[in-house]
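# Tertiary structure, described
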Amino acid sequence: MSVVKMSKILVLCHKTMASEVLEKLQDSGLAQTLSCDQAQVAKKYEELIPKPSREKELRNQITQTAQAAEFLAEYWQGPRLTSIFKPLRVVSKKKYNDTVNSPKTSKIIEEANSLNDQISSTVHKINECGEHIAYLEPWENLKEPVETFTKLEHFFAFPAQISKRHMKTALKLCDELGCAFEEVSSENNIVSGIFAGPADKNDELHKNLRALDYNQVFFEGKKGTIEKLTNEILNEQAKSEVKLGKLKNQAQELAKELLDVQIYYDYLSNRLARAQTHQNLPVSEKVYFIEGWTRKKDFEKLEAMLNSFDGCTVSEIEPAKGEEPPIEIENKRLIEPFEVVTKLYGMPHYLEMDPTVLLAPFFALFFALCLTDAGYGLIMVALFIWLIRKMQMNKKFIILMLMCSVLTVFAGAVTGGWFGSSLMDLAVKYEITWLSSAITSITWFEPLSDPMKFMTISVALGVIQIMFGLCCGFVNALRREGLWAAVCDRLSWIVLIGSLICIALTFAGILPKSAAALMKVLAAVSAVWIFLFSHREGGITARLCMGGYNLFTAVFYIGDILSYLRLMALGMATGGIALAVNIIASIISDVPYAGPVLAILVLIGGHLFNMAQSSLGAFVHSMRLQFVEYYPKFFNGGGEEFTPFKNQYKFIHITETESI
């Protein structure tokens, strides 16, 4: 359990080998590099800040590769390559190197994008043909060539479409102007036809038809009858569909190379990250200054790696005044999964203690008490073991939930929770005496019938965790601020709160009454100490006023302790809902014929719902108790997480196994 020791480093390398050094650093993942905005050398010597550039060509390559990967994935015909549990394809280091160094990969990307363009163009042409056919469809009964409408001298004739409800008005208008209308087709309340008449009535007819919302149809650039035009377009559409089929076949064949394209995308993305880092490093005429952080234990490895370059040196340097190292926490295997909870709150400062090991037992226990059902715990254990076997990447959260589930089985067993009281009811109903005896023998108390015991346990756990947090705060203050601050700010509170708790226990008859006098003296002394010394800045009046306020905040500890009653509330709620599900299922089972089936469905659905929502509540409220009640007693957080410069992959996971 510790915050990993960090070393600040400065790497000096000749400009000619900066790219190779950065590639080595990225592959090793040993160091976090600092940009010009963060590096002290650039703040001190501004002339070392390089001019920005954008790596336009590399970005274009990545865009092209991403498009090719997306296109080929669409035409992949084989089995599904990834899943929600295994999102990355596993490839060997050899396969990776062969792919990124092969000129064939670039050709595949070029061909894929060319095919994509051709397919898009062909699909567009087919759609365009379909639109043209739909445009001509109302005129399929028209026998005259369409160019006829542009060759008249003394008369006019034009095709148009008009709503059926305006037809009567349109025909009346034609009669008044000495014009005519011939219907060609009628569909969906739209009449298609030819308006014709003397040339001098053309403009007047158009003017009046506008009021009827007519739509004149044009066949500009086309010659021949509608039938001929339709056949030409159908032929063109058929040819395009044949071409599209061939292109799709080529795409399906090329999609077999999808993995190579995805490997190349990840390679280019890492190259871009390296180039961006490169451009953001302080540089003189001949030398790059790579400032950063590495784990202290990794420095020798880093030094050996960089010393293999002739024009490169690395040395440990002192951090600037006020500069805080990035944080990495390191815990033993059993505790490591609980780092998930710590990181949700925030990393500790460099000189703070890592709170992970201090929260681990409490978090798991609180989760179990909120659930208090062994049946639910067993199902969750099976589920999370299955997920661990299936999951490909980081499994810390799943392992954390597995550990909490195992503890839930024990918590459920001692509180008699087996899908509510289902297992006991079953044992009693079918007279399985050994089962009922076993359940009874391991049951300590039942929350619904003995809530006071559950309440006492919850409050006791609250007292234990808060007192433990104050003790951790004392140790932390002793390390960071010295003995006087630790005594005034932490030890005085430990004595005061501890004394008050002991006084309450003497009234409850748990501690002998003779101890009350001593506890009262200790409480009074610590209260006076807090009043006089808890605030040590400013004048005497300000100190005493703040001391009085600090003493008043003792009442907040009562609220903190009572907050732990949520353990009892959630545990009883889980049991209460499970009991309700069992009662409903029992009532439904009496329904003739379908009763047993309905009862089983209610049991399965009800308990799964209760398990899911109670687990969510258990996680959130256990986390809340750590963050709101426990952490403030000893932990501030706010450190910046150590983020080493290393390769990141979107599609693949590289392994050293040669056979993959």
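Residue numbers restart at each chain and count upward from 1, following the sequence in its written direction. It should be noted that, the model being predicted, local features are given only for residues of pLDDT at least 70 and side-chain atom pairs only at 80 or more, the latter also being counted only at that level, while totals for whole chains, interfaces and linings use all residues. Each side-chain value is derived from all of the structure's non-hydrogen atoms; neither hydrogens nor water enter the calculation.

Another point: the pairing of strand β2 (residues 6-14). Burial runs high along β2: seven of the nine residues are buried. Bridge count for β2 against strand β9 (residues 287-295) is nine bridges, and the pairing is antiparallel. Bridge pairing links His 14 to Val 287 in β9. For each residue, the accessible area found with a 1.4 Å probe, counting protein chains only, is set against the maximum for its type, and the residue is called buried under 20%, exposed over 50%, and partly exposed in between. Here a strand is any run of E in DSSP of at least two residues, a helix any run of H or I of at least four, and the numbering for each starts at the N terminus. Whether two strands pair depends on DSSP finding at least two bridges between them.

On to the environment of Glu 111, then. Relative to the elements of secondary structure, Glu 111 occurs in helix α5 (residues 103-136). Overall, Glu 111 belongs to the partly exposed group, its relative accessible area being 39%. Remark: the alpha-carbon pair of Glu 111 and Ala 68, spanning 43 residues in sequence, is separated by 8.6 Å.

What follows concerns a nonpolar patch on the surface. Two distance rules govern patches: like charges are joined within 9 Å, and nonpolar side chains (Val, Leu, Ile, Met, Phe, Trp, Tyr) within 5 Å, applied only to residues with over 30% relative accessible area and no salt bridge. Using the Shrake-Rupley algorithm and a 1.4 Å probe, accessible areas are obtained, with residue cover drawn only from the displayed protein chains. Salt bridges are identified by distance alone: a Lys or Arg side-chain nitrogen within 4 Å of an Asp or Glu carboxyl oxygen. On the surface, a cluster of nonpolar side chains totalling about 690 Å² of accessible area is made up of Met 546, Tyr 549, Phe 552, Val 555, Phe 556, Ile 558 and Leu 562. By residue number, the principal contributor to the nonpolar patch is helix α21 (residues 554-563), which donates four residues. Relative to the elements of secondary structure, Ile 558 occurs in helix α21. The exposure class assigned to Ile 558 is exposed, which follows from its relative accessible area of 51%.

Grouped together as the largest cluster of nonpolar side chains are 70 residues, with contacts concentrated most on Phe 363, Phe 367, Tyr 630 and Phe 634. Ranked by the residues each element gives to this core, the list is headed by helix α12 (residues 356-371), at 11 residues. Any pair of residues with heavy atoms lying within 4.5 Å of one another is described as a contacting pair. When neighbours within four sequence positions are excluded, Tyr 630 is seen to be in contact with Leu 358, Leu 359, Phe 362, Gln 465, Phe 468, Gly 469, Tyr 564 and Leu 625. In this structure, Ala 69, Leu 247, Ala 251 and Tyr 265 belong to the second largest nonpolar core, which totals 33 residues. By nonpolar core we mean a set of buried residues, namely Ala, Val, Leu, Ile, Met, Phe, Trp, Tyr and Cys, connected to one another through side-chain atoms within 4.5 Å.

Right, let's talk about the sheet that holds β2 for a bit. To summarise the sheet geometry, strands pair through backbone hydrogen bonds and adopt either a parallel or an antiparallel arrangement. The antiparallel open sheet is built from four strands, whose spatial order is β3-β9-β2-β10. Each of the sheet's edge strands pairs with one partner strand only, and the pair in question is β3 (31-33) and β10 (312-317). Shown here is a sheet whose adjacent strand axes are inclined to one another by a mean of 30°, direction ignored. Here an axis means a line fitted to C-alpha atoms, over the contact stretch when the element is a helix, while the angle between two N-to-C directions is reported on a 0 to 180 degree scale. Seen against the sheet, helix α10 (residues 299-306) touches β2, β9 and β10 and runs at an angle of roughly 160° to β10.

The subject of this paragraph is the domain arrangement of the protein. The accessible area lost on association of the parts is a frequent measure of interface size. Start and end positions for the domains come from either an automated domain assignment or a database one. When the domains of the protein are assigned, the result is domain 1 (3-94 + 256-316), domain 2 (144-224) and domain 3 (336-633). With centres defined by C-alpha atoms, the gap from domain 1 to domain 2 works out at 70 Å.

The next thing to look at is the environment of Lys 207. On the secondary structure map, Lys 207 appears in helix α7 (residues 202-210). For Lys 207, a relative accessible area of 60% puts it in the exposed group. Residues Lys 207 and Ala 160 lie 47 residues apart in sequence; the distance between their C-alpha atoms is 14 Å.

A word on the packing of aromatic side chains. Pairing of aromatic side chains here covers Phe, Tyr and the six-membered ring of Trp, requires ring centres within 6.5 Å, and sorts the geometry by plane angle: under 30 degrees stacked, over 60 edge-to-face, intermediate tilted. Under the defined criterion, the tally for this structure stands at 34 aromatic pairs. Taking 5.5 Å as the distance between ring centres and 75° as the angle between the ring planes, the aromatic pair formed by Tyr 265 and Phe 651 counts as edge-to-face. Of the two residues, Tyr 265 is situated in helix α9 (residues 258-279) and Phe 651 in the loop between α23 (595-630) and β12 (652-655); the sequence distance between them amounts to 386 residues. Phe 651 gets classed as buried once you look at its relative accessible area, which sits at 19%. In this structure an aromatic cluster arises from ring pairing among Tyr 345, Phe 362, Phe 366, Phe 468, Tyr 564, Phe 627, Tyr 630, Tyr 631, Phe 634 and Phe 635.

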